[in-house]
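Analysis of the macromolecular model
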Amino acid sequence: EKKEFIEWTKTLGGRKISNVGGFQSKDFVKIKNTLNSKFIKQLTNDVAQAIQAYGPGKFQLACTAIWSNINGPDSWNITHTHPETDFTATVYFDVPEDSGLLIIDNTDHVMAFQRFYSTPFNVDSVFTRLKYTHYPRKNSVVIFPAHLPHSVTANKTNQERISISANFKVVREDETQINNS
């Protein structure tokens, strides 16, 4: 189903947003078909489980955008954020070795100007990183807050790195009651 799904996304046409080279499909969140609906439902469940780490509470989760990314040789993505959404998720379908890393920037701008954090005694920890580097693996998913600046390094192989990314909006139960009043 993955191959069929990716081939279908290619028929939607491409767009240029954060991609330098490569192919990024148009958003297909509103297109109804069995593969798309099944994929969105599963990914929504995965994101809902992941955001439980932020604390308990009742909420509704809506997928607001979804697109495919196909980065061939020397293709990459500039640093960007996903405005007007809460979480971003990327599912990696094909990830050849050395085909690009996900880099998530630390948004603590004060930390970036402190000598300690730029030269932290050769110790790498989540408390001293100015950037987080994610090494994607085939058939894995990464979920992170959409406001964090992130980029993808260049694909240094002759093969394509293929992923599907999606944005999710969280609406807490108390917000839905206010909006329905």
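Before any of the text, the structure's been laid out above.
Residues numbered from 1 in each chain as written. Predicted model: local features only at pLDDT ≥ 70, side-chain atom pairs only at ≥ 80, totals over all residues. Heavy atoms only, no water.

**What to know about helix H1 (residues 2–10)**
Turning to H1, its buried residues are Phe-5, Ile-6 and Thr-9. Down the axis of H1, the buried side of the element spans an arc of 95°, and every buried residue falls inside it. In H1, those exposed residues whose orientation departs by more than 90 degrees from the buried face are Lys-3 and Glu-4. (Buried < 20%, exposed > 50% of the residue type's maximum accessible area, 1.4 Å probe, protein only. Helix = DSSP H or I, 4+ residues; strand = E, 2+ residues; numbered from the N terminus. Arc of directions from axis to C-beta.)

**A few points about the environment of Ile-66**
Within the element layout of this structure, Ile-66 appears in strand S4 (residues 59–71). A sequence separation of 40 residues divides Ile-66 from Lys-26, and the C-alpha atoms of the two residues are 8.3 Å apart.

**Concerning the packing of aromatic side chains**
Counted under the stated rule, the structure contains 5 aromatic pairs. On the numbers, 5.8 Å between centres and 90° between planes, the contact of Phe-5 with Phe-28 is edge-to-face. Of this pair, Phe-5 sits in helix H1 while Phe-28 sits in the loop between strand S3 (23–25) and helix H2 (34–50), placing them 23 residues apart in sequence. Taken as a pair, Phe-5 and Phe-28 share a single burial class, namely buried. Ring centres of Trp-8 and Phe-28 lie 5.2 Å apart, and the angle between their planes is 80°; on these two criteria the pair is classed as edge-to-face. In this pair, Trp-8 is assigned in helix H1 and Phe-28 in the loop between S3 and H2, connecting sequence segments 20 residues apart. These aromatic residues form a ring-pair network of at least three members: Phe-5, Trp-8, Phe-28, Phe-39 and Phe-93. Directly above the ring of Phe-93 sits Lys-2, whose terminal nitrogen or CZ lies 5.6 Å from the centroid. (Phe/Tyr/Trp six-rings, centres within 6.5 Å; stacked < 30°, edge-to-face > 60°. Lys NZ or Arg CZ within 6 Å of the ring centre and 35° of its normal.)

Functional significance is not addressed by these values, which are geometric in nature.
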